[in-house]
Amino acid sequence: MRMIRPSEPLAPRDDADLLALYARGDPDAAAQLAQRLGPPAVALATRMLGDRAEAEDVAQEAMLRLWRLAPDWQTGDARVSTWLLRVVSNLCIDHLRRRKRRGGPALDQVPEPPDPAQGAPERMQERSRAEALRAALDDLPDRQRQAVVLRHIEGLGNAEIAAIMDIGTEAVESLTARGKKQLAQALRGRRAELGYDDD
Amino acid sequence: MTERHAPQDPADDDAFLGPYFAAARDPAPPSSAWTARVLADANRETQRRAAPRRAAVARGRRIFDVLGGWAGLGALAAAACAGLTIGLAPLAQIPDPLEIWIGAAAGYDLLPVTGDEILLALDGG
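Thresholds applied
- Residues numbered from 1 in each chain as written.
- Chains lettered and ligands numbered in written order.
- Predicted model: local features only at pLDDT ≥ 70, side-chain atom pairs only at ≥ 80, totals over all residues.
- Heavy atoms only, no water.
- pLDDT = per-residue confidence, 0-100.
- Helix = DSSP H or I, 4+ residues; strand = E, 2+ residues; numbered from the N terminus.
- Axes fitted to C-alpha atoms, helices over the stretch in contact; angles between N-to-C directions.
- Left-handed = near helix turned anticlockwise from the far one by under 90°.
- Contact = heavy atoms within 4.5 Å.
- Core = buried A, V, L, I, M, F, W, Y, C linked by side-chain atoms within 4.5 Å.
- Buried < 20%, exposed > 50% of the residue type's maximum accessible area, 1.4 Å probe, protein only.
- Domains from an automatic or database assignment.
- Polar contact = N/O pair within 3.5 Å; in protein donor to acceptor, adjacent residues only side chain to side chain.
- Phe/Tyr/Trp six-rings, centres within 6.5 Å; stacked < 30°, edge-to-face > 60°.
- Salt bridge = Lys/Arg side-chain N within 4 Å of Asp/Glu carboxyl O.

Colleague: Mind showing me how you'd approach the confidence of the model for chain A here?
Modeller: Averaged over every residue, the pLDDT of chain A is 82; residues scoring 70 or more account for 79%. When the elements of chain A are averaged for pLDDT, helix H5 (residues 121–138) of chain A gives the smallest value, 81, and helix H3 (residues 52–69) of chain A the largest, 94.

Colleague: Can you walk me through the packing of helix H1 (residues 15–23) of chain A against helix H2 (residues 27–49) of chain A in this structure?
Modeller: Packed helix pairs are specified by the crossing angle of their axes together with the interaxial distance, meaning the distance between the axes. Residue and element names in this part refer to chain A. Following both chains from N to C, one finds H1 and H2 inclined at 145°, their axes separated by 8 Å at the closest point. The two elements H1 and H2 meet at a crossing, and its hand is left-handed. Mapping the contact onto sequence places Asp-15, Leu-18, Leu-19, Leu-21 and Tyr-22 in H1 and Ala-29, Ala-30, Gln-32, Leu-33, Arg-36 and Leu-37 in H2.

Colleague: Honestly, the nonpolar core in this entry has me stumped. Any pointers?
Modeller: One broad trend across soluble globular proteins is that nonpolar side chains are buried collectively. Residues Met63(A), Trp67(A), Leu133(A) and Leu183(A) are the most contacted members of the largest nonpolar core, which totals 66 residues. For this core, the leading source of residues is H2(A), giving 12 residues. Taken together, domain 1 (1–104) and domain 2 (117–199) of chain A each give at least three residues to this core, which thus spans both. Contact partners of Leu133(A), with chain neighbours within four places excluded, come to Ile153(A), Leu183(A), Leu187(A), Tyr20(B), Phe21(B) and Ala24(B).

Colleague: Looking at this structure, how should I read H1(A)?
Modeller: For the α-helix, the turn length of 3.6 residues means that residues three or four positions removed from each other point alike. Residues and elements named next belong to chain A. Buried within H1 are the following residues: Asp-15, Ala-16, Leu-18, Leu-19, Leu-21 and Tyr-22. Residue Asp-14 occupies the N-cap position of H1, its side-chain oxygen lying 3.3 Å from the main-chain nitrogen of Ala-16. Of the residues trailing H1, Gly-25 is marked for its positive phi of about 100°.

Colleague: Could you clarify how one ought to interpret the packing of aromatic side chains in this entry?
Modeller: The geometry of an aromatic ring pair is captured by the separation of the ring centres together with the interplanar angle, meaning the angle of the planes. Taken as a whole, this structure holds three aromatic pairs over all chains when the rule is applied. Arranged with centres 6.1 Å apart and planes meeting at 85°, the rings of Trp73(A) and Trp83(A) form a pair that is edge-to-face. Residue Trp73(A) is found in the loop between H3 and helix H4 (80–102), and its partner Trp83(A) is found in helix H4; the two are separated by 10 residues along the sequence. Exposure class is identical for Trp73(A) and Trp83(A). Each is buried. Consider the rings of Phe16(B) and Tyr20(B), whose centres lie 5.4 Å apart with planes at 45°: the pair is tilted. Note that Phe16(B) and Tyr20(B) are positioned in helix H1 (residues 10–24) at a spacing of four residues, about one turn of the helix. For Phe16(B), a relative accessible area of 5% corresponds to the buried category. With a relative accessible area of 0%, Tyr20(B) lands in the buried category.

Colleague: Please explain the pattern of salt bridges as it appears in this structure.
Modeller: Side-chain pairs of opposite charge can arise whenever the charged atoms involved come near each other. If you walk through the whole model with that rule in mind, you get 14 salt bridges over all chains. When the shortest N-O distance is used, the salt bridge between Glu56(A) and Arg37(B) registers 3.7 Å. Within this pair, whereas Glu56(A) is found in helix H3, its partner Arg37(B) is found in helix H2 (residues 32–66), the two belonging to separate chains. Among the residues examined, Glu56(A) registers a relative accessible area of 11% and is labelled buried. Taking relative accessible area as the criterion, Arg37(B) reaches 31% and is therefore assigned partly exposed.

The structure is reproduced here in structure tokens:
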């Protein structure tokens, strides 16, 4: 059997087509799916968990579930990317609940991954903003955090978020509005501390 | 640092949060080690799915070999067809096995008396 390699050339195909090809044993299809779906899955998990290593574990688990589901995937089902992000979201929420039960580190206590451009003052300010946002996100209820991350950081539309969270679009709008309000309140309190009270 | 009045309008919240959301976007892409792990999972899953099919093929092959391959299977099929044909429509030249066992023509009396003897007995003769 030919091994799957990450560096093989890509051809434009629908995710569902690639999944069907993978289910029939095409190794290139898995590589293409991993390259397409991996970055948003890891990014979402990183935003929700605040820990890169845990996020990669969660995203890997979600991808494994996708590989297992591949032979039974129905073309008329949800988009593959939406399905995957839903699995990532649910795994993250489970992870956060377990973390809270264990009394593990809160989101704002998780160290930021090293940044090669850390010396530049503007990057320092960006890092401060990102860390402040992570801390404020950590105080949001899980569903609000999930909605805000998907809408405003991952940049997804309300309809796709509704599919991921298995709720209606009005509920998505409500969750993001309440989440943003709480975030704004929390971050305004830290604005002077972060040194950019001019925005 | 000046402390300003916090705006309450949702549009103001959007403008205020914009730079924070921008700072949080574009995390580093997954590492090559992560991609390699994910593809290893995909390979393992493909092999796991293929394993039962391979086992079934191997089982079938063993039975085929035990029966003697194509020659054995052909002879078995011919014998089965012949048996079926003989059972359904025996050839005239082939003797009746019942006749061979009993040693007489097929058909025998269940009672050791004839029909006439029974009638005479009923008439009181």
